[in-house]
Amino acid sequence: MTEALYDRIARLYDPWSVSVTEDIGFYVEEAVASGGPVVELAVGTGRIAVPIARAGVPVIGVDESPGMLSVARTYAEREGVSSLVDLRLGDLRDPPVDERVPLVTIPFRSLLHMPDDDQKRRALTAAAGLLQPGGRLVFDVFSPSAADIEETDGLWLEREQGIFERADWDERSRTLVLSVRDREHSARMELHWLSAPEWNVLVEAAGLEVEALYGWFDRRSWSEGEDQIWVCRTRSTRSPTRTVPGASTSA
Ligand SMILES: C[S@@+](CC[C@H](N)C(=O)[O-])C[C@H]1O[C@@H](n2cnc3c(N)ncnc32)[C@H](O)[C@@H]1O
């Protein structure tokens, strides 16, 4: 079996992302409001799925990395919520999920692992296909600012004690090569960003309509910032399509 990208940093992932906590409460709120069950695509180590289960909402988590799923399984056991966390090995573009649910989430920029528009559209369409009528897809992505690129490009920065991260930005292809390492583990991954209007086109092509686009997890409206938090709903025949300013509607 081929190794998944995150397998080699499965034990490093939680210490690396320990300071990323701002999104957890937001996704837990969405999960509780939906009534569950929730499908989290690219569930990773359960950083968000386990708090959702702790709030009493069942989660089906899909990830392509056995190593990440193993860490998630241990986390769920430690928190006493294993019965609410159903972890499945699979690709988010073709998730091994027959259930239809009120909420699908793809947190922490995981969609940026999709290399091009076609793969992003496939992933969004697969996520939309898991929703019950009226169900929602919530995901977050980013698009870097010029200042962020200038400050970090090509530099090894100590993100957490003993954990170093390096960003190599290619603005032409809109690709970030992100490297991470500690004494024992290392990985290099590509993230492919898009503008908000481009995401809007893909969301609509997946048969969804945009209910809200936030600029941060406190639900402030997006206004050209780096972070985009999309709340999308299965398209109802009666509601008009809401588009982000500047977005073309043709996919
Ligand atoms: C940035 S982590 C996010 C993990 C988790 N959602 C969180 O918020 O901490 C990205 C995850 O996406 C998974 N992943 C990447 N490509 C995938 C694919 N094609 N199908 C399923 N999982 C994928 C990786 O294995 C990794 O666990």
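Residues numbered from 1 in each chain as written. Predicted model: local features only at pLDDT ≥ 70, side-chain atom pairs only at ≥ 80, totals over all residues. Heavy atoms only, no water.

### Concerning the confidence of the model for the chain
Condition: On a range of 0 to 100, pLDDT expresses the predictor's confidence in each residue. Each helix is a run of DSSP H or I of at least 4 residues and each strand a run of E of at least 2, with the numbering of both proceeding from the N terminus. Any pair of residues with heavy atoms lying within 4.5 Å of one another is described as a contacting pair.
The predicted model of the chain averages 94 in pLDDT, with 94% of residues at 70 or higher. By mean pLDDT, the top-scoring element of the chain is strand β1 (residues 38–41) (99), and the lowest-scoring one is helix α6 (residues 146–152) (95). Counted against residues more than four places away or in other chains, residues 246–251, with its pLDDT under 50, gives 10 contacts.

### Here we look at helix α2 (residues 24–34)
Just so we agree on the cut-off: Only protein chains enter the accessibility calculation, which uses a 1.4 Å probe; a residue is then buried when its area is under 20% of its type maximum, exposed when over 50%, and partly exposed in between.
All buried positions along α2 are accounted for by I24, F26, Y27, V28, E30 and A31. At the C-terminal side of α2, G35 shows a positive phi close to 85°.

### Focus on the site of the ligand
Stated precisely, the cut-off is as follows: Being near a molecule or strand, for a residue, comes down to having at least one heavy atom within 4 Å of it. Here a polar contact means two N or O atoms within 3.5 Å. Within protein one must be a hydrogen donor candidate and the other an acceptor candidate, and residues neighboring in sequence count only if both atoms are side-chain atoms. Each residue receives one of three labels: charged for Asp, Glu, Lys and Arg, nonpolar for Ala, Val, Leu, Ile, Met, Phe, Trp, Tyr, Cys and Pro, and polar for the others, Gly being one of them.
Around the ligand sit 21 residues in total, of which Y13, E40, A42, R47 and D63 are the nearest. Taking L92, its main chain carries an N or O atom lying 2.9 Å from a nitrogen atom of the ligand. Taking R93, its side chain carries an N or O atom lying 3.4 Å from a nitrogen atom of the ligand. Residues that form the shell around the ligand fall into these classes: 10 nonpolar, five polar and six charged.

### Observations concerning the pairing of β1
Stated formally: Note on pairing: two strands pair once DSSP finds at least 2 bridges between them. Place the viewer so that the strands point away; then a crossover is right-handed whenever the path from the first strand over the helix to the second strand goes clockwise.
Going residue by residue along β1, you find V38 and E40 tucked away on one face and V39 and L41 tucked away on the opposite face as well. Relative to strand β2 (residues 59–63), β1 runs parallel, the two being bridged by four bridges. Bridge pairing in β2 links V39 to I60. Each parallel crossover has a hand, and for β1 linked through helix α3 (residues 49–54) to β2 it is right-handed. As judged from the three bridges shared by β1 and strand β4 (residues 101–106), these two strands associate in the parallel manner. Counterpart to E40 in the pairing with β4 is T105.

### A word on the domain arrangement of the chain
Our working rule: Boundary definitions for the domains trace back to an automatic or database domain assignment. Two parts placed together each lose some accessible area under a 1.4 Å probe, and adding up what both lose gives the buried area. Take a side-chain nitrogen of Lys or Arg and a carboxyl oxygen of Asp or Glu: if they are within 4 Å of each other, that pair is a salt bridge.
Parsing the chain into structural domains produces domain 1 (5–138 + 195–234) and domain 2 (146–191). One C-alpha centre belongs to domain 1, the other to domain 2, and the line joining them spans 23 Å. Taken together, the contact pairs 16 residues of domain 1 with 17 residues of domain 2. By the criterion of area lost to domain 2, the three top residues of domain 1 are R8, L12 and W16, representing 43% of everything that side buries. Among the salt bridges present, the one from E198 reaches R174, with a minimum N-O distance of 2.7 Å.

### With respect to the side chain of T234
You can see T234 is positioned in strand β11 (residues 227–234). Polar side-chain contacts of T234 include one of 2.7 Å to the backbone nitrogen of G134. The residues touching T234, leaving out its near neighbours within four places in the chain, are L131, Q132, P133, G134, G135, G207, L208 and E209.

### Notes on the packing of aromatic side chains
The geometry of an aromatic ring pair is captured by the separation of the ring centres together with the interplanar angle, meaning the angle of the planes. Under the convention used in this document: Only Phe, Tyr and Trp rings are paired, with Trp represented by its six-membered ring, and only when their centres lie within 6.5 Å; those with planes under 30 degrees apart are stacked, over 60 edge-to-face, the remainder tilted.
On inspection of all chains with the given rule, the structure shows 11 aromatic pairs. Seen in terms of ring centroids, F142 and W169 are 6.3 Å apart; in terms of plane orientation they differ by 80°. Their pairing is edge-to-face. Linking F142 in strand β5 (residues 131–142) with W169 in strand β7 (residues 163–170), this pair joins segments that are 27 residues apart in sequence. On the basis of relative accessible area, W169 is assigned to the buried category, the value being 13%. With centroids separated by 5.2 Å and ring planes inclined at 65°, the aromatic side chains of W216 and F217 adopt a geometry described as edge-to-face. We classify W216 as partly exposed; its relative accessible area is 27%. By relative accessible area, F217 is classed as buried at 10%. Here the aromatic cluster, defined as three or more aromatic residues joined through ring pairs, consists of F26, Y27, Y214, W216 and F217.

### What about the side chain of S65?
For S65, the location among the structural elements is in the loop between β2 and α4 (66–78). If near-sequence neighbours (up to four positions away) are discounted, S65 is found in contact with A4, Y6, D7 and L89.

### Some points on the sheet that holds strand β8 (residues 175–181)
Under the convention used in this document: Axes, fitted as lines to C-alpha atoms, cover a helix only where it is in contact. Angles between the N-to-C directions of the axes lie from 0 to 180 degrees.
The strand order across the open sheet formed by four strands is β6-β7-β8-β9, and the pairing between neighbours is antiparallel. With partners counted over all chains shown, the strands left at the sheet margins are β6 (156–160) and β9 (186–192), one partner each. Within this sheet the neighbouring strands show an average axis-to-axis angle of 30°, counted without direction. Judged from the four bridges that link them, β6 and β7 form a sheet pairing that is antiparallel. Bridge pairing in β7 links E158 to F164.

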